Amino acid sequence: MIKLGFMTFVLPEWKIERIVKFAKEVGYDGVEIRVDAKHKHEISSQSSAEVREYVKKLFADEGIDIPCVATSVQFGSADPAVRQKNIESAKANLDLAADLGAYIVRMFAGGGIPKLTDEAAEYIAEAFDEVGDYAKSSGVCPMLECGHDIIKGAAEASNVIKRVKTSNFGALWNHSDMDDETFNALKSHIRHFHVHKEVLSPDNDNILHLAKLVKSIDYNGYISLEIIEGHNLPTDVLTDTASRLQGFIKQA
């Protein structure tokens, strides 16, 4: 079953308790935790065991998921020391996700290089092999964000995916629309979707078409609002959007 959520970027100025209650009240299924972005929820890989336990229980008591931990980790740097630092950060956030009950963690290729090369694709895949194997026992899956930075579309995504050896690996598509080439390239690995400001428009029905597309592969993950304004979005807009998008998901 397709579920609807939002990333904490839509309410960066709220404490986690208020975010969870709001999600429950207006009809979102889950909240994606963005770490290391100075959001007021203050959850990170540095959070204590007590905080992690508290947050997990808080969500469970309201019946709201934490589907994903979204990081800034990037594996595309040409500097092996920088890549290793990002690998260690990825592992710490995979542990955080496991403690919170989240099952996927967003990561990037990125790394400050201008475009994906075969050499970069190889060491990005090697990094995903390492972190994927690391997290196998916890059941948390690292995901490559596609449709963003140097993984612009199907060709770049396929160049990395074909090199990944670990079975614990997923992909995230970073748009509310998806062409057939991209769908075919990602459908065996797709675990999550990020959608953006366009879906707030009452005239936008991208989610209806996206939901119809992914129902053909029995997708049971999230479509998550990632809308970055630097401040809270109006709650009435988020409320209306939840109702409309949940309607599209049911209609599909």
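Because the structure is a prediction, the values reported are computed rather than measured.

S.K.: Sorry, what's going on with the sheet that holds strand 6 (residues 170-173) here?
M.R.: The strands making up a sheet are joined through hydrogen bonds of the backbone, oriented either antiparallel or parallel. Taken in spatial order, the eight strands close into a barrel running 1-2-3-4-5-6-7-8, and their pairing is parallel. When strand polarity is set aside, the average angle formed by the axes of neighbouring strands in this sheet is 30°.

S.K.: Help me out: how do you make sense of helix 2 (residues 49-62) in this one?
M.R.: Residue pairs spaced three or four apart in an α-helix point in one direction, given the helix's 3.6 residues per turn. Spanning 14 residues, helix 2 covers 20 Å between terminal C-alpha atoms, matching the ideal 20 Å at 1.5 Å per step. Check the buried side of helix 2 and you find it contacts helix 1 (16-26), strand 2 (30-34) and helix 3 (80-100). A positive backbone phi angle near 70° is found at Gly-63, which sits one or two residues after helix 2.

S.K.: I tried to follow the environment of Leu-4 on my own but got confused; where do I start?
M.R.: Structurally, Leu-4 is set in strand 1 (residues 3-7). Along the sequence, Leu-4 and Leu-200 sit 196 residues apart, while their C-alpha atoms lie 14 Å from each other. Setting aside anything within four residues of it in sequence, one finds Leu-4 in contact with Tyr-28, Asp-29, Gly-30, Tyr-222, Ile-223, Leu-225, Ala-242, Leu-245, Gln-246 and Ile-249.

S.K.: I'm lost on the pattern of salt bridges in this one. Help?
M.R.: The full count for this structure, using the stated rule, is 13 salt bridges. Asp-99 serves as the salt-bridge partner of Arg-52, at 2.9 Å between the closest nitrogen and oxygen. You can see Arg-52 sitting in helix 2 and its partner Asp-99 sitting in helix 3, a full 47 residues away along the chain. Asp-99 gets classed as partly exposed once you look at its relative accessible area, which sits at 37%.

Here is what the cut-offs are and how they apply
- Think of each chain on its own: its residues are numbered from 1, step by step along the sequence as written.
- Confidence filtering applies because this is a predicted model: local features only for residues at pLDDT of at least 70, side-chain atom pairs given and counted only at 80 or more, and all residues used for totals across whole chains, interfaces and linings.
- With hydrogens and water excluded, all non-hydrogen atoms of the structure serve as input to the side-chain values.
- Two strands are counted as paired when DSSP detects at least two bridges linking them.
- By the criteria applied, helices consist of DSSP H or I runs no shorter than four residues and strands consist of E runs no shorter than two, each listed in order from the N terminus.
- Axis definition: a line fitted to C-alpha atoms, limited for helices to the stretch in contact. Angles are taken between N-to-C directions and run from 0 to 180 degrees.
- Expected helix span is taken as 1.5 Å per residue step, with the number of steps being one fewer than the number of residues.
- The contact criterion used is simple: two residues touch if any of their non-hydrogen atoms lie within 4.5 Å.
- Salt bridge criterion: a side-chain nitrogen from Lys or Arg within 4 Å of a carboxyl oxygen from Asp or Glu.
- Burial classes follow relative accessibility: with a 1.4 Å probe on protein chains only, a residue under 20% of its type's maximum area counts as buried, one over 50% as exposed, and anything between as partly exposed.

Honestly, that's just the spatial picture; any functional story needs more than this.
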